[in-house]
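# Structural description and commentary
Letter by letter, the chains look like this.
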Amino acid sequence: MAKMKTNNEYSYMDSVHRDGRIWNLSMMVLLMAFPVVVGLIFSAMPDWAAVGKGLLATAPMYWAVGVIETITYIPMLGAGGSYLSFVTGNISNLKLPCALNALENAEVKAQSEEGEIISTIAIAVSSIVTTLIIIIGVILIVPLTPILSSETLKPAFDQMLPALFGGLGVVFVSKNVKLAIAPVLLMLILFIFVPALNAGTVGIMVPVGVVFTIVYARIIYKRGWL
Amino acid sequence: MEFSVNHPILFLLVGVIITAVLAQSAYFLVKSVKRARVLGMDMTKIRKTIVTAAIFTVAPAVSIVIAVISLSQSLGIALPWLRLSVVGSLSYEAIAAANAASGMGMKLSDLVGNMTASAYVTIMIVMTVSIMVGIWLVPLLAKKIQSGLVSFEKKDKKWSDTLQNALFIGMISAFVGYVFCDLSRLWLAQDGVYVNGDGEVFSATSGLIPVLVMVVAAVIMALCGLMMKLFKWKWLNDYALPISMVLGMLSAIPLTALLGG
């Protein structure tokens, strides 16, 4: 019986990977087709020299960051959550906190099959709601623009990340004080005293924080301090 | 056909892609819920996960709408709608579009009202190709990484749990650090005014705003935890994060008025 359950679990995870691959590669083709179709409809060729220059200025950094982000986020997002998140984007500021909160509330481990299900559900719902809200925003863009761009509300939306990580941080840090103390201190020192570190570079610092915390965790785990 | 950044055909094409994105999300949602039933998971827990995720998403999604509005001034509505619904983020899209415009010897602002179809396609290609990594890399790596984690768990369960916590803490620590990144304005400012490298002017105390917003959100989250324990309000568990986030964001309004932007 236990053997049968194991086989079922593997076949479910296999099907997640199979379906995820089909979806993501299809989405990639669809996204790449968009500029081609627009060019064909409006009989317009891209300025290839400008494409080359633009890619040279943009792609190397974002590809490097993209590779590191992919490796960093997959273990946290789970399989289904990864396939979805890397299509819908806004991972660190929305999908991952949403999945973390769901795992915490459901009291399941991320690596268990229940965790895989909970995080995929949270990320799928978050993706659907985000997409629908953006659609509503696009439809109502004329009346919404003066409200959402108002000087009164601007400070609130400017501070979304500090508000999000204040709530999320207090839960995770308080439950893992020994594990959190060194990485939090390191990041505080780096972000306060290195001028190059700011909102634009926080994405690059996530893998740095993760690698540092893993190494630190391994050391204190081996020494029995946890 | 005459081109315009808000041509109906662009909305139609973007609509097709957005529908596919919605279909992928719905597919994985249904697949996971079905699997939860097969495993005999508590369906109340599943319903709570759905409701909480939906509520939690509202505020960040509205901030994405603001990013669409911001980019729409130079690129029209259709392209920012697509780019911010699929993969993108405001900071990335603005940089990619600016680099593509620079490749054409222009600034993005030069293209407002003057966007040709060729310039539009050029910008689209740069934006799309530069951000594609995750979409094709996840199919290549996800199974290997997940299998590696499963074998880790079998070898040493305690270390596997610690590793998972370390991943989350590492990510959170980077964002906690980021909240303090403008604190140095306190001692770098001259006569209470700080000017950054781009010539933007800020008050010396403006770097305290994100720190205090984070503290407000953390205190509210802690209070929610306290109330859950004291009054046995278990329901609050599902809403604590959205409540702390929204109240934290709202606290930024008086804090900015007090400390200066």
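Residues numbered from 1 in each chain as written. Chains lettered and ligands numbered in written order. Predicted model: local features only at pLDDT ≥ 70, side-chain atom pairs only at ≥ 80, totals over all residues. Heavy atoms only, no water.

## Observations regarding the nonpolar core
All names here are of chain B. By size, the foremost hydrophobic cluster in this structure holds 165 residues, and its most contacted members are Tyr120, Ile123 and Met171. Mapped onto the domain boundaries, this core takes at least three residues apiece from domain 1 (8–131) and domain 2 (142–259). Ignoring anything within four residues of it in the chain, the contact list for Ile123 reads Leu75, Leu79, Ala97, Ala100, Met104, Leu108, Leu111 and Met115. (Core = buried A, V, L, I, M, F, W, Y, C linked by side-chain atoms within 4.5 Å. Buried < 20%, exposed > 50% of the residue type's maximum accessible area, 1.4 Å probe, protein only. Domains from an automatic or database assignment. Contact = heavy atoms within 4.5 Å.)

## Observations regarding the state of the cysteines
Enumeration according to the criterion identifies zero disulfides over all chains in this entry. A:Cys98 carries a free sulfur, and the closest cysteine sulfur to it, the one in B:Cys224, is 17 Å from it. (Disulfide = S-S within 2.5 Å.)

## What to know about the domain arrangement of chain B
Residues and elements named next belong to chain B. What the domain assignment reports for chain B is domain 1 (8–131) and domain 2 (142–259). Its C-alpha centre places domain 1 at a distance of 24 Å from the equivalent point of domain 2. Domain 1 puts seven residues into the contact, and the matching count from domain 2 is seven residues. Together domain 1 and domain 2 conceal approximately 600 Å² of surface at their shared face, both sides included; 79% is due to carbon and sulfur atoms. On inspection of domain 1 and its partner domain 2, the count reaches zero salt bridges. Here domain 1 is connected to domain 2 by one residue pair in polar contact (both at pLDDT 80 or more). Classifying every residue of the side of domain 1 that touches domain 2 by side-chain character gives five nonpolar, one polar and one charged. (Buried area = accessible area lost by both parts, 1.4 Å probe. Salt bridge = Lys/Arg side-chain N within 4 Å of Asp/Glu carboxyl O. Polar contact = N/O pair within 3.5 Å; in protein donor to acceptor, adjacent residues only side chain to side chain. Nonpolar A, V, L, I, M, F, W, Y, C, P; charged D, E, K, R; others polar.)

## Focus on the packing of helix H2 (residues 43–75) of chain B against helix H10 (residues 236–259) of chain B
All names here are of chain B. Axis separation between H2 and H10 bottoms out at 8 Å; the angle between their running directions is 10 degrees. Looking at the two axes, H2 sits roughly parallel to H10. Contacts between H2 and H10 involve Lys48, Val51, Thr52, Ile55, Phe56, Ala59 and Pro60 from the first element and Asp238, Tyr239, Leu241, Pro242, Met245, Val246 and Met249 from the second. Considered class by class, the residues forming the contact of H2 with H10 number eleven nonpolar, one polar and two charged. (Axes fitted to C-alpha atoms, helices over the stretch in contact; angles between N-to-C directions. Helix = DSSP H or I, 4+ residues; strand = E, 2+ residues; numbered from the N terminus. Parallel < 35°, antiparallel > 145°, perpendicular 65-115°, else oblique.)

## Some remarks on the interface of chain A and chain B
Residue-level contacts link 146 residues of chain A with 141 residues of chain B. Both faces considered, chain A and chain B share a buried interface measuring about 13100 Å² in area, 79% of it formed by carbon and sulfur atoms. Interface area lost by chain A to chain B is led by A:Phe34, A:Phe42 and A:Gln111, which between them contribute 6%. Summed over the shared surface of chain A and chain B, the number is four salt bridges. Residue B:Asp161 pairs with A:Lys109 through a salt bridge whose shortest N-O separation is 3.8 Å.

## Re unusual backbone geometry
All names here are of chain A. One non-glycine residue with positive phi stands out, namely Ser43, at about 50 degrees. Locating Ser43 in the fold gives a position in the loop between helix H1 (2–41) and helix H2 (48–77). A positive phi is found at Glu107, a non-glycine position, where the angle reads about 55 degrees. Relative to the helices and strands, Glu107 is located in the loop between helix H4 (91–106) and helix H5 (113–139). With a relative accessible area of 72%, Glu107 lands in the exposed category.

## Quick notes on helix H9 (residues 177–193) of chain A
Its 17 residues place the ends of H9(A) 24 Å apart at the C-alpha level, agreeing with the 24 Å of an ideal helix rising 1.5 Å per residue. Restricting attention to buried positions, one finds in H9(A) the residues A:Leu179, A:Ala180, A:Ala182, A:Pro183, A:Val184, A:Met187, A:Leu188, A:Phe191 and A:Ile192. For H9(A), the secondary structure elements touched by its buried residues are helix H8 (160–175) and helix H10 (202–222) of chain A together with helix H7 (157–179) and helix H8 (185–188) of chain B. (Expected span 1.5 Å × (residues − 1).)

## Regarding the packing of H2(A) against helix H5 (residues 117–130) of chain B
Two elements in contact, H2(A) and H5(B), have axes whose closest approach is 9 Å; the angle formed by their N-to-C orientations is 25 degrees. As summarised for this structure, H2(A) and H5(B) are arranged roughly parallel, according to the angle between their axes. You can see that H2(A) and H5(B) cross each other, and the crossing is right-handed. Counting all contacts with H2(A), which are made through A:Trp48, A:Ala50, A:Val51, A:Gly54, A:Leu55, A:Thr58, A:Ala59, A:Tyr62 and A:Trp63, the residues of H5(B) involved are B:Thr122, B:Ile125, B:Val126, B:Val129 and B:Ser130. Residue classes in the contact of H2(A) with H5(B) are distributed as ten nonpolar, four polar and no charged. (Left-handed = near helix turned anticlockwise from the far one by under 90°.)

## Some words on the packing of aromatic side chains
For the structure on display, the rule yields 14 aromatic pairs over all chains. An angle of 35 degrees between the planes, with centres 5.0 Å apart, marks the rings of B:Phe231 and B:Trp233 as tilted. Clustering of aromatic rings is evident, with ring pairs tying together B:Phe231, B:Trp233, B:Trp235 and B:Tyr239. When the ring centre of B:Trp159 is taken as origin, the NZ or CZ atom of A:Arg218, which lies over that ring, is 4.6 Å away. Directly above the aromatic system of B:Phe202 lies the positively charged group of B:Arg185, at a separation of 3.9 Å from the ring centroid. (Phe/Tyr/Trp six-rings, centres within 6.5 Å; stacked < 30°, edge-to-face > 60°. Lys NZ or Arg CZ within 6 Å of the ring centre and 35° of its normal.)

## Description of the side chain of B:Thr162
With respect to the helices and strands, the residue B:Thr162 is situated in helix H7. At 2.8 Å, the side chain of B:Thr162 and the backbone oxygen of B:Lys158 are in polar contact.

## Some details on a nonpolar patch on the surface
All names here are of chain B. Together, Val215, Val219, Leu223, Leu226, Leu230, Phe231, Trp233 and Trp235 give the surface a local cluster of nonpolar side chains, amounting to about 790 Å² of exposed area. Within the fold, Leu230 resides in helix H9 (residues 208–231). The exposure class of Leu230 is exposed, given its relative accessible area of 59%. (Patch = residues over 30% accessible without salt bridge, like charges linked within 9 Å, V, L, I, M, F, W, Y side chains within 5 Å. Areas by Shrake-Rupley, 256 points an atom, 1.4 Å probe, with all protein chains shown as cover.)

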